[in-house]
Amino acid sequence: MSNLKMKEAALIYLDRSGGLQKFIDDCKYYNDSKQSYAVYRFNVLINPSDIVELDAELGNHILHQPLKAAQVFQSVCYIAVKTLSLIGQLQTETQINIVLKLTHLPPLPSYCLDLCEFPRDYTSQRFYTMQGIVIAMTTVTKYTQGARFLCSDEACPLSKGFQYVRVHVPGATESATVRNDFLCNLCSSSLQEDRKFRVLGDKQIVEIITAKSLHAFQGYCNNQPFRFQSLTVFLRDESVNKMNIGNEYKVIGIPTCVKTSQTAVCVEANSITFCIPKVPSGISDNFRCLLSLTSSSCWKFTAILANIFASQIVPPGTYNLLKLCLLMSLVQTSDRNKELENCLDILIVTSDTLLIDRLLNFSINLVPRGIRHSVSTEIFPTLSRNKYGTGAVSIQAGSALLAKGGICFIGDLATHKKDKLEQLQSAVESRSITVYISGKKFGDDVDQQMTFPVQCSFWSFLDMDSPSRRNIQKTNMLIGQMDCSLIPANLVESFALLINCNESSSCHPLLPTVQHTLKKAIDPEGLLYLASKQFTTEDFEKLLAFAKNLNVEFSLEAERMIHGYYLASRRIRTDSIYGSKLSASALKYLVSLSEAHARLNLRNKVLKEDVLIAALLFETSLTLKYGAAVFCVAPNAVFPFEQYNEEYLEQRDVFLTECQQQLQQFIATYGPGTAIFASDE
């Protein structure tokens, strides 16, 4: 009676939810094909909340005994097929394969499979929800959804019909569905598969890790050793190709135990949802107060941010230009599943690699996807054989794809081999990476290739005091040009910003840095400055999380100025032999820099003042790459004075206003519509 009641409830639910009509439509497709199958597969969408309200016992079966619950729906659907004559070819109930697709699970701890907790339950055969980031995936291969077997003894009544049908169930391997040692229950003769009735489906295997594991890729250290392990997820049929490397997903599935060279806990995915992080509601009170106090200027707030940023690593007032660029690159990151078009790649030339390394490592920990590339791993995807013996090729993410929507800090460029640098240049220029899969090497008939978008900003540095650099120095340097001969010139040009951090310059006084280092050696955890106490690391994390989610748009005058500067700069850096030194991506970098400065000011509109900062930073970078030009910008143009009080900020505003007038004059002289601007340009 209990089983009959559940079947009645299942039929009522199918009717109310529209599932019955969908089932009838699916049956029509099978019936019209006029082809007999070993199994007929149907997806049934289940809302557990609605089911539990309708019939608690059926709801309990779906949540805790999903295989038995599927049998209830299988029986209901078989009766519907026979009663309504939906599929003429169907003979037995076992030919119907019902897959229950859950919309969600109850938000209770007992339904969550924490990837950090052990042991993992793989014996109860029930649904769990888990969340993780995809770090590897295989190519799509085939698996057997169902197969028909016949008794080999022709005299046996079971040598005909569909009495022996094998159907894939969650956690089952291919050998559990199809093999040659099955015996007839009636006469004990061996069973043989009728291959023309075999039904194939698509299968893909992905590996996920919990977001907490990213600490291992961030140079994160709290003196506590930790270990993490990926979880393997099997995707089948309509779930195939629904997950992308680098994205974070919530998966509902049934954990199982799979025997390979070593026992592994896997999950048979039932449904997949892309995880959208929550947008922060605001910033800290101290930053809100600072923003209010500096509201009369478009430049003061970001100047103070750069001044006090990372005071745990460097003293306030040092490396301001670099810190501003890092903050601008950080606010151009994204937690959303959208194409990251406005990346800001930064290459730093320095003689103090240890300090710069610490500063960059500190900065990447302020965003969820800040990845520090390790020399023992690969920057870009690599190939390996799948450990589950499915014949598929496993594609491992690499640091760049793992940093999706964030920052990939790749350390000293000079430590990478030539082929890796060429690969990096190609990825930075095209914002994609292509993986070639040799059919001969991996046992396939044809070669394949897969292209992945590279949606992160790259940070790197070059050591000015490198022995290799001292042995290879240019002699024909132009005024203001930086010697970066240690790496290919095309790679240097592909970075949006080239920054010179010479610690002995007036912009980076040596004494405060030495004093800071000594104090930190004595008291590593101490807060040495008032700014460190007023504006904590958590405050900066909240600020960046809020700022990067702002939707910004260009004002008309800002748009005109950015196009005018780009065209004028392109004009003066063009010669008849080599053409323009400015690539087509230069305009994209200028737009990104302008947006970043507006976001850092917590504004929704890009103003001409933002374009000025973008132009000064970009022109400084161009000067280091190619030498000075007509629009001559000093290395310290963005921070011309040391910042101690309001008076110095006022002086900076006056100086930047003069720079803005010079920029407008430059555009008026060399930009579009001027006499020297060629008509075809």
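Look up a bit, the structure's there.
These figures come from a predicted structure and were not determined experimentally. (Residues numbered from 1 in each chain as written. Predicted model: local features only at pLDDT ≥ 70, side-chain atom pairs only at ≥ 80, totals over all residues. Heavy atoms only, no water.)

**Q** Please clarify how the overall build of the protein should be interpreted in this entry.
**A** Helix and strand content of the protein: 21 helices and 23 strands. Each of the 681 residues in the protein was classed as buried or not, and the buried ones make up 51%. Here the contacts in the protein between residues at least 6 apart in sequence split such that 74% fall between residues at least 24 apart. Of the roughly 31800 Å² of accessible surface on the protein, a fraction of 52% belongs to carbon and sulfur atoms. (Helix = DSSP H or I, 4+ residues; strand = E, 2+ residues; numbered from the N terminus. Buried < 20%, exposed > 50% of the residue type's maximum accessible area, 1.4 Å probe, protein only. Contact = heavy atoms within 4.5 Å. Areas by Shrake-Rupley, 256 points an atom, 1.4 Å probe, with all protein chains shown as cover.)

**Q** What exactly am I supposed to notice about the packing of helix H9 (residues 320-330) against helix H19 (residues 585-600) here?
**A** The angle between the axes and the distance between the axes are what describe a pair of packed helices. Relative to each other, H9 and H19 sit at 90°, their axes nearing to 8 Å. By the criterion of interaxial angle, the relationship of H9 to H19 is roughly perpendicular. Residues Leu324, Leu327 and Met328 of H9 form the contact with H19, whose participating residues are Leu593, Ala596, His597 and Leu600. Along the lines of polarity and charge, the residues of the contact of H9 with H19 split into six nonpolar, one polar and no charged. (Axes fitted to C-alpha atoms, helices over the stretch in contact; angles between N-to-C directions. Parallel < 35°, antiparallel > 145°, perpendicular 65-115°, else oblique. Nonpolar A, V, L, I, M, F, W, Y, C, P; charged D, E, K, R; others polar.)

**Q** Hey, could you run me through the pairing of strand E14 (residues 393-396) in this one?
**A** Regular strands place side chains that alternate from one sheet face to the opposite one. Across three bridges, strand E3 (residues 128-138) lies against E14 in antiparallel orientation. Across the sheet, the residue bridging to Thr138 is Ser394, located in E14. As paired strands, strand E13 (residues 382-385) and E14 are joined by four bridges and run antiparallel to one another. Within the sheet, the bridge partner assigned to Ser384 lies in E14 and is Ser394. (Pairing = 2+ DSSP bridges.)

**Q** Looking at this structure, I do not really get the packing of aromatic side chains. What am I missing?
**A** In this description, a pair of aromatic rings is defined by centroid distance and the angle of the planes. For the coordinates displayed, the defined rule picks out 20 aromatic pairs. Note on Tyr249 and Phe274: the rings are 5.9 Å apart at their centroids and 75° apart in plane angle, and the pair reads as edge-to-face. Of this pair, Tyr249 sits in strand E9 (residues 248-259) while Phe274 sits in strand E10 (residues 263-274), and the two are 25 residues apart along the sequence. Aromatic pair Tyr565 and Phe666: ring centres 6.3 Å apart, planes at 55°, arrangement tilted. A residue pair is termed long-range when its members are at least 10 positions apart, and Tyr565 in helix H18 (residues 556-572) and Phe666 in helix H21 (residues 646-670) qualify at 101 residues. With relative accessibility at 5%, the residue Phe666 sits in the buried group. By way of ring pairs, the aromatic residues Phe23, Tyr29, Tyr30, Tyr37, Tyr40 and Phe42 are connected into one cluster. Over the ring of Phe197 we find Arg148, and its NZ or CZ is 4.6 Å from the ring centre. The residue whose ring lies beneath Arg652 is Phe639, and the NZ or CZ to ring-centre distance is 4.7 Å. (Phe/Tyr/Trp six-rings, centres within 6.5 Å; stacked < 30°, edge-to-face > 60°. Lys NZ or Arg CZ within 6 Å of the ring centre and 35° of its normal.)

**Q** Sorry if this is basic, but what is going on with the packing of helix H2 (residues 19-33) against helix H5 (residues 66-84) here?
**A** Running from amino to carboxyl end, H2 crosses H5 at an angle of 60°, the nearest separation of the two axes being 11 Å. Considered as vectors, H2 and H5 are oriented oblique to each other. Crossing hand, H2 versus H5: right-handed. Contacts between H2 and H5 pair Phe23, Ile24 and Cys27 from the former with Cys77, Ala80, Val81 and Leu84 from the latter. Its residues assigned to classes, the contact of H2 with H5 comprises seven nonpolar, no polar and no charged. (Left-handed = near helix turned anticlockwise from the far one by under 90°.)

**Q** Is there a simple way to explain the sheet that holds strand E19 (residues 497-501) in this structure?
**A** Across a sheet, paired strands are connected by hydrogen bonds in the backbone, their directions being either parallel or antiparallel. The parallel open sheet is built from five strands, whose spatial order is E12-E15-E18-E11-E19. Each end of this open sheet is capped by a strand with a single partner; those strands are strand E12 (370-372) and E19. Across this sheet, the average inter-strand angle for adjacent strands is 20°, counted without regard to direction. Sitting on the sheet, helix H10 (residues 353-364) touches strand E11 (346-350), E12, strand E15 (407-412), strand E18 (457-463) and E19, and the angle it makes with E18 is about 170°.

**Q** Please clarify how H10 should be interpreted in this entry.
**A** It helps to recall that an α-helix has 3.6 residues per turn; residues three or four apart then point in one direction. Compared with an ideal rise of 1.5 Å per residue, which puts twelve residues at 16 Å, H10 spans 16 Å between its outermost C-alpha atoms and is within 8% of the ideal. Along H10, nine of the twelve residues are buried, which leaves the element largely enclosed by surrounding structure. Leu355, Ile356, Asp357, Leu359, Leu360, Asn361, Phe362, Ser363 and Ile364 are the residues of H10 that are buried. (Expected span 1.5 Å × (residues − 1).)

**Q** It is not clear to me how the nonpolar core should be interpreted in this structure. Could you clarify?
**A** Soluble globular proteins tend to bury their nonpolar side chains together. Counting residues in each nonpolar core, the largest one holds 147 residues, and the members touching the most others are Phe287, Leu413, Phe458 and Tyr565. Examining the composition of this core, we find that eleven residues originate from one element, helix H20 (residues 608-626), more than from any other. Discounting residues that sit within four places of it in the chain, Phe458 has contacts with Leu344, Asp345, Ile346, Ile379, Phe380, Ala400, Cys408, Ile410, Leu424, Val428, Arg431 and Phe495. (Core = buried A, V, L, I, M, F, W, Y, C linked by side-chain atoms within 4.5 Å.)

**Q** Before we go on, may I ask you to explain H18 in this structure?
**A** Relative to the 24 Å expected for 17 residues at 1.5 Å per residue, H18 spans 25 Å between its end C-alpha atoms, a close match to the ideal helical length. Three or more residues of H18 are buried, namely Ala558, Met561, Ile562, Gly564, Tyr565, Tyr566, Ala568 and Ser569. On the buried face of H18, the contacting elements are strand E20 (553-554), H19, strand E23 (605-606), H20 and H21.

**Q** Would you explain a nonpolar patch on the surface in this entry?
**A** Taken together, Leu510, Val514 and Leu518 make up a surface patch of nonpolar side chains, about 270 Å² in accessible area. Structurally, Leu518 is set in helix H15 (residues 510-522). (Patch = residues over 30% accessible without salt bridge, like charges linked within 9 Å, V, L, I, M, F, W, Y side chains within 5 Å. Salt bridge = Lys/Arg side-chain N within 4 Å of Asp/Glu carboxyl O.)

**Q** Whenever I open this one, the state of the cysteines confuses me. Can you help?
**A** Here, the word disulfide means a covalent bond between the sulfur atoms of two cysteines. Counted under the stated rule, the structure contains zero disulfides. You can see Cys325 has no disulfide; the closest cysteine sulfur is in Cys501, sitting 8.6 Å from it. The class for Cys501 is buried, based on a relative accessible area of 1%. (Disulfide = S-S within 2.5 Å.)

**Q** Honestly, the side chain of Gln74 in this entry has me stumped. Any pointers?
**A** By secondary structure assignment, the location of Gln74 is in helix H5. Gln74 gets classed as buried once you look at its relative accessible area, which sits at 15%. Here Ile96 takes part through its backbone oxygen, which lies 2.7 Å from a polar atom of the side chain of Gln74. Ignoring sequence-local partners within four residues, the contact set of Gln74 consists of Glu93, Thr94, Ile96 and Ile98. (Polar contact = N/O pair within 3.5 Å; in protein donor to acceptor, adjacent residues only side chain to side chain.)

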